[in-house]
Amino acid sequence: MIIADETRDRARRARVLAPLLPMFRARADGVAAMTFPAHVLPRLWRAASEREPDLLHHLDRDEDTTVAVADRFCQAAASVVRDLPDLVWPPDGDEAARQKGLADLAACLDLAHLARRGLPSLEIWLKRPDGDQIAELRLLLKDCAGVHLDGAQRVLEILFAHLADAVLILRIVIQTSLAAGREGFLSESELAGFVDRLIAGVDVRAHKIEAFKPGADLDRVEVVIADLNWCAGVLGELDVTLTLNPQSAWGKSVRDARVAIARRLSGLLRAADKAVDEALPLERVQLAGRMTRKAPRLAAPVEGPTVDAAISLLKLVGSARGPASTYGCEADRKTLVDDLTNRLSDYADQTLRLINDGETEDEAHALGLVELSARCLDLIDAVEPARTVRRRAAVAGGPLRDGEASSRAA
């Protein structure tokens, strides 16, 4: 019974405070946003629900009155924040931040009914809204400005909290006015904060990418890939939605970040090239007399630090296919991929030839090197060459089969 009551109470809270719920947790992407402490949420709901206990049952099912009742509870919650601030948000040491947070929370609750009206249209506004749908957005902002002087800014903060991808807020912002796509207008408006936050997010990630050292930070390669993709998304959206003046503060920040990331990405591409040579090395072997040629070093390990370095950096090479275009490095990346595809395929061919000719002391180990070359091909999206290598390995009589190869690569 207690569990059922708690479940029902949480469902009621979620329905009433749905417009503001994402604001009670920090953004997953780390972009600055208007948020409130998580411990305030249950206190706020408990105090608000106690003011209108007879109306709570209307929240348990979909009725014509449910939305009106939910909005009424939001009004009650706003009153509680103003009347009993210590009950909702106990003093926590930083009184100035707490007082500002209380004012922001009360104001957002005042706008909750309007935000609830607009949220169903959020996906539409993010795509290609027509004239009527843009008018609906602007009317929403006008109504919010009628409630609070900064109501339009606050409702955009509420919408921002519902966007997992922070950069999408730009698509909303540029619809707010015919002039919003111009940097001069936007930088002077109250909406400039959204652009500032996105550019700050790019700067933070750009510094992290610059600081990445392939030799020491290989366990962070997934984070670097995510940062490269995030920054590319933001920079690409800024290019599409805003006309930035290259000499403005925004324009310079964007240019500097793009140059810094491009320089680091180019360095990582070179590091990947070198890492493959170290993981799958060649050595000179004597043919006849003084004639020599390069051949795979069959004593090379199939696992260990050098292999891990190559695998990690090739993951980055494969994942950078989209972002590299944003940073102007796609030509270099494509050249590297083509070169690696040829080298890895040739390495596998030579090793398989040695196996077929009976010139390997440890056939299983040699086949492990072949599988490693196939795995490297997979990581740079050379799928067909990787399949060819694995088919030839199977014909060579080794233990590699497609299923085993895929499982080992995973």
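That block above? That's the structure.
Presented here is a report on the structure given in the accompanying data block. Because the structure is predicted, anything quoted here is derived from the model rather than measured.

Rules used in this analysis
Residues numbered from 1 in each chain as written. Predicted model: local features only at pLDDT ≥ 70, side-chain atom pairs only at ≥ 80, totals over all residues. Heavy atoms only, no water. Helix = DSSP H or I, 4+ residues; strand = E, 2+ residues; numbered from the N terminus. Rg over C-alpha atoms; globule rule 2.2 N^0.38 Å. Buried < 20%, exposed > 50% of the residue type's maximum accessible area, 1.4 Å probe, protein only. Contact = heavy atoms within 4.5 Å. Areas by Shrake-Rupley, 256 points an atom, 1.4 Å probe, with all protein chains shown as cover. Lys, Arg positive; Asp, Glu negative; His and termini not counted. Charge placed at Lys NZ, Arg CZ, Asp CG, Glu CD. Core = buried A, V, L, I, M, F, W, Y, C linked by side-chain atoms within 4.5 Å. Salt bridge = Lys/Arg side-chain N within 4 Å of Asp/Glu carboxyl O. Expected span 1.5 Å × (residues − 1).

1. Focus on the overall build of the protein
Helix and strand counts for the protein come out as 20 helices and 2 strands. At 29 Å, the protein has a C-alpha radius of gyration far larger than the 22 Å of a compact globule built from 410 residues. Principal axes of the C-alpha set define a box for the protein whose edges measure 95 × 60 × 45 Å. Buried residues in the protein amount to 48% of all 410 residues. Counted over contacts in the protein with a minimum sequence separation of 6, partners at least 24 positions apart contribute 69%. When the accessible surface of the protein is summed, it comes to about 20400 Å², and 53% of that surface belongs to carbon and sulfur atoms. If the 54 positive side-chain charges of the protein are averaged to one point and the 63 negative ones to another, these points end up 2 Å apart.

2. Brief notes about the side chain of serine 373
Checked against the element boundaries, serine 373 lands in helix H18 (residues 363-379). By relative accessible area, serine 373 is classed as buried at 0%. Ignoring any residue separated from it by four or fewer positions in sequence, one finds serine 373 in contact with Leu280, Leu344, Tyr347, Ala348 and Val389.

3. Re the nonpolar core
Grouped together as the largest cluster of nonpolar side chains are 128 residues, with contacts concentrated most on Leu20, Leu44, Leu105, Leu109, Ile172, Tyr327 and Ile380. At 12 residues, the largest contribution of residues to this core is made by helix H14 (residues 249-279). If sequence neighbours within four positions are ignored, tyrosine 327 has contacts with Leu228, Cys231, Ala232, Leu235, Arg258, Ile261, Ala262 and Leu265.

4. A short note on the pattern of salt bridges
Counted under the stated rule, the structure contains 33 salt bridges. Here arginine 15 ties to aspartate 62 by a salt bridge, and the two come within 2.7 Å at their closest N and O atoms. Highlighted residues: arginine 15 in helix H1 (residues 2-16) and aspartate 62 in the loop between helix H2 (40-49) and helix H3 (66-83), separated in sequence by 47 residues. Here arginine 392 and aspartate 349 are joined by a salt bridge, their closest N and O atoms 2.4 Å apart. With arginine 392 in helix H19 (residues 383-395) and aspartate 349 in helix H17 (residues 330-356), this residue pair connects regions lying 43 residues apart in the sequence. One salt-bridge network, held together by shared partners, links Lys100, Asp104, Asp150 and Arg154.

5. Some details on H3
Over its 18 residues, H3 runs 26 Å from end to end, which matches the ideal 26 Å to within 8%, given 1.5 Å per residue. Where H3 is concerned, the buried positions are Thr66, Val69, Ala70, Asp71, Phe73, Cys74, Ala76, Ala77, Ala78, Val80 and Val81. If you follow the buried residues of H3, they end up packed against H1, H2, helix H4 (85-88), helix H5 (95-110) and helix H6 (112-118).

6. Quick word on unusual backbone geometry
A positive phi angle, close to 65°, is found at aspartate 381, a residue other than glycine. Look at aspartate 381 and you get partly exposed, because its relative accessible area is 44%.

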